[in-house]
Amino acid sequence: MSAVSDRLPAFPWDKLTPFKATAAAHPDGIVDLSVGTPVDPVPELIQKALVDAADSPGYPTVWGTPELRDAITGWVERRLGARDVTHRHVLPIVGSKELVAWLPTQLGLGPGDRVAYPRLAYPTYEVGARLARAEYEVYDDPTELGPKGLKLLWLNSPSNPTGKVLSKAELTRIVAWAREHGVLLFSDECYLELGWEADPVSVLHPDVNGGSYDGIVSVHSLSKRSNLAGYRAAFLAGDPAVLGPLLEIRKHGGMMTSAPTQAAVVAALSDDEHVRVQRERYASRRALLREALLSHGFRIEHSEASLYLWATRGESCWDTVAHLAEQGILVAPGDFYGTAGAEFVRVALTATDERIAAAVRRL
């Protein structure tokens, strides 16, 4: 066991424990804007679908029901502008973090293979490479990477933590470069429906990929857009030549979404109204927090999409974390996402309206 665990970095969130205790001691209670876990109710139509499918005594399939695959292909075409998407182009997964952590292993990567991801990024990209004993590196522009031995290229737009959005032109250029050099491209698009000052585009859009899914796969989650973090519901869409072998591997590994969750996902992907309502909640919270942070002396960079504000006071991120904790507000230090975040904090929009209002008053 230690041979595997020794490959991993220290779990970063444990470092926040003393600051969480400080924030919790505030007379008016803690405002937790750190992890970014949804707090709003699961929409009624999704809960109903889950309950209606509760009598599911048999094993579900890894590929999901035909109804689930229909819902995914329909959403990908309706929402992302993709064309000619079939069941072979999609694959349900057990939440996106599971996929990110185990993808390099499932792709058969190992020592000597390289995995690349943005300089400021979700820590699990690195974890996935470490678990496979592959090499890993960060980039500012992926087309400046040396392609030799580069087996997996991660994109993340909108970005976690910065909220930065890659333009259609940038995505087109990167997809063309990856194909030219035979590099498999996975695009983490879990925040795509939460664009505020930009309209995020998927690598599945024909203007980006030229109408071909060769060598590209996008990752999507229902955790944020439908408040389904507790359901562990996500999916892949893209190159069947990549998804087919992944399906076989995951069938052997038993990586299946529960049958009630599959039914809930069908309901969630078939309804756009609850997504609009949730977007409005987040937009209101974002406007209030953004103005309060600016008034408090912060500078906000990027943050044109996603569920976070990427903010700095020009000091160590840990000094900022401590400062805000004294006011009962807990945020994530930027260096969790790479050394380039050493002077930033990530402020999540995932708190109730009442708690957001409390944070605004304190700031």
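Structure report, in brief. (Residues numbered from 1 in each chain as written. Predicted model: local features only at pLDDT ≥ 70, side-chain atom pairs only at ≥ 80, totals over all residues. Heavy atoms only, no water.)

1. Regarding the nonpolar core
Part 1 of the argument: Of all hydrophobic cores here, the largest spans 66 residues; its most connected members are L33, W154, F186 and L236.
Part 2 of the argument: If sequence neighbours within four positions are ignored, L236 has contacts with H89, V90, L91, I93, L99, F186, V217, S218, V219, L243 and L246.
Part 3 of the argument: Ranked by size, the runner-up nonpolar core spans 42 residues in total, among them L68, V90, Y231 and V265. (Core = buried A, V, L, I, M, F, W, Y, C linked by side-chain atoms within 4.5 Å. Buried < 20%, exposed > 50% of the residue type's maximum accessible area, 1.4 Å probe, protein only. Contact = heavy atoms within 4.5 Å.)

2. Here we look at the layout of surface pockets
Part 1 of the argument: Size it by volume and the largest pocket reaches roughly 1,200 Å³.
Part 2 of the argument: Along its surface, the largest pocket is lined by 43 residues, and W13, K97, Y122, P123 and T124 are the ones closest to its centre.
Part 3 of the argument: Contributions of two or more residues to the lining of the largest pocket are made by α5 (96-106) and α6 (124-131).
Part 4 of the argument: The element best represented in the lining of the largest pocket is α6, accounting for five residues.
Part 5 of the argument: Partitioning the lining of the largest pocket into residue classes produces 24 nonpolar, 10 polar and nine charged.
Part 6 of the argument: Computed from the structure, the second largest pocket encloses a volume of approximately 390 Å³.
Part 7 of the argument: Residue lining of the second largest pocket: 20 residues in total, with P118, Y139, D140, K164 and L166 positioned closest to the centre.
Part 8 of the argument: Taken together, the elements giving at least two residues each to the lining of the second largest pocket come down to β5 (150-156) and α7 (168-180).
Part 9 of the argument: Per-element tally for the lining of the second largest pocket: the top contributor is α7, with three residues. (1 Å grid on protein atoms, 1.4 Å probe; cavity = no way out; pocket = protein on both sides within 12 Å on 5 of 7 lines; lining within 4 Å. Points joined across faces, edges and corners; volume = space filled by probe spheres on them. Helix = DSSP H or I, 4+ residues; strand = E, 2+ residues; numbered from the N terminus. Nonpolar A, V, L, I, M, F, W, Y, C, P; charged D, E, K, R; others polar.)

3. Quick notes on helix α13 (residues 353-362)
Part 1 of the argument: For α13, the full list of buried residues reads R355, I356, A358, A359 and R362. Down the axis of α13, the smallest arc covering the buried residues is 155 degrees, so these residues share one side.
Part 2 of the argument: On its buried side, α13 packs onto β1 (31-32), α11 (273-295) and β11 (329-330). (Arc of directions from axis to C-beta.)

4. Section: the packing of aromatic side chains
Part 1 of the argument: Taken as a whole and assessed by the stated rule, the structure comprises 12 aromatic pairs.
Part 2 of the argument: The interplanar angle of 80 degrees and the centroid separation of 5.1 Å between the aromatic rings of W13 and F336 together place this pair among those described as edge-to-face. On the criterion of sequence distance, the pair formed by W13 in the loop between α1 (2-5) and α2 (17-24) and F336 in the loop between β12 (332-333) and β13 (344-348) is long-range, its members being 323 residues apart.
Part 3 of the argument: On the basis of relative accessible area, W13 is assigned to the partly exposed category, the value being 24%.
Part 4 of the argument: Judged by centre distance (5.6 Å) and plane angle (65 degrees), the ring pair of Y191 and Y308 falls under edge-to-face. Of the two residues, Y191 sits in the loop between β6 (184-188) and α8 (206-209) while Y308 sits in strand β10 (residues 308-312), which places them 117 residues apart along the sequence.
Part 5 of the argument: Overall, Y191 belongs to the buried group, its relative accessible area being 6%.
Part 6 of the argument: The rings of W13, F19, W310, W318, F336, Y337 and F344 are connected pair by pair, giving a single aromatic cluster.
Part 7 of the argument: Above the plane of the ring of Y308 lies R346, whose end atom (NZ or CZ) is 3.8 Å from the centre. (Phe/Tyr/Trp six-rings, centres within 6.5 Å; stacked < 30°, edge-to-face > 60°. Lys NZ or Arg CZ within 6 Å of the ring centre and 35° of its normal.)

5. Here's the deal with the sheet that holds β10
Part 1 of the argument: Strand order in the open sheet made by the four strands is β9-β10-β13-β12, with antiparallel pairing throughout. The open sheet has two free edges, formed respectively by β9 (299-301) and β12, since each of these has just one partner strand.
Part 2 of the argument: Note: β12 against β13, two bridges, orientation antiparallel. What sits directly across from P333, in β13, is V345.
Part 3 of the argument: Contacting β9, β10 and β13, α11 runs over the sheet at an angle of about 5 degrees to β10. (Pairing = 2+ DSSP bridges. Axes fitted to C-alpha atoms, helices over the stretch in contact; angles between N-to-C directions.)

6. Observations concerning the packing of helix α4 (residues 66-80) against helix α10 (residues 259-269)
Two quantities define a packed helix pair, namely the angle between the axes and the distance from one axis to the other.
Part 1 of the argument: Remark: α4 packs on α10, axes separated minimally by 9 Å, with the N-to-C direction vectors making an angle of 30 degrees. The orientation of α4 relative to α10 falls into the category roughly parallel. The interaxial crossing formed by α4 with α10 has left-handed handedness. Contacts between α4 and α10 involve E67, L68, A71, I72, W75 and R78 from the first element and Q262, V265, V266 and L269 from the second.
Part 2 of the argument: Of the residues contributing to the contact of α4 with α10, the split by class is seven nonpolar, one polar and two charged. (Parallel < 35°, antiparallel > 145°, perpendicular 65-115°, else oblique. Left-handed = near helix turned anticlockwise from the far one by under 90°.)

7. A look at the environment of E189
Part 1 of the argument: Note on placement: E189 falls in the loop between β6 and α8.
Part 2 of the argument: Looking at E189, the relative accessible area reads 1%, which means it is buried.
Part 3 of the argument: When the C-alpha atoms of E189 and N156 are compared, they prove to be 6.2 Å apart, with 33 residues separating the residues in sequence.
Part 4 of the argument: Sequence-distant contacts of E189, defined by excluding residues within four places in its chain, comprise S157, V201, S202, V203, S218, V219 and H220.
Part 5 of the argument: A polar atom in the side chain of E189 sits 3.0 Å from the side chain of H220. (Polar contact = N/O pair within 3.5 Å; in protein donor to acceptor, adjacent residues only side chain to side chain.)

8. Things to note about empty space enclosed by the protein
Part 1 of the argument: Tallying each qualifying case throughout the model produces two cavities of 30 Å³ or more.
Part 2 of the argument: For the largest cavity, the calculated volume is near 70 Å³.
Part 3 of the argument: Every residue lining the largest cavity is listed: W75, E189, C190, L192, E193, H220, S221, L222, R225, F235 and L269.
Part 4 of the argument: A class-by-class count of the residues in the lining of the largest cavity yields six nonpolar, two polar and three charged.
Part 5 of the argument: Estimated volume of the second largest cavity: approximately 50 Å³.
Part 6 of the argument: Considering the residues around the second largest cavity, the lining is formed by L68, I72, P92, I93, L222, A233, A234, F235, T257 and V265.
Part 7 of the argument: Contributing elements (two or more residues each) for the lining of the second largest cavity: α4, β2 (90-93) and β8 (234-238).
Part 8 of the argument: Grouping the constituent residues of the lining of the second largest cavity by class yields nine nonpolar, one polar and no charged.

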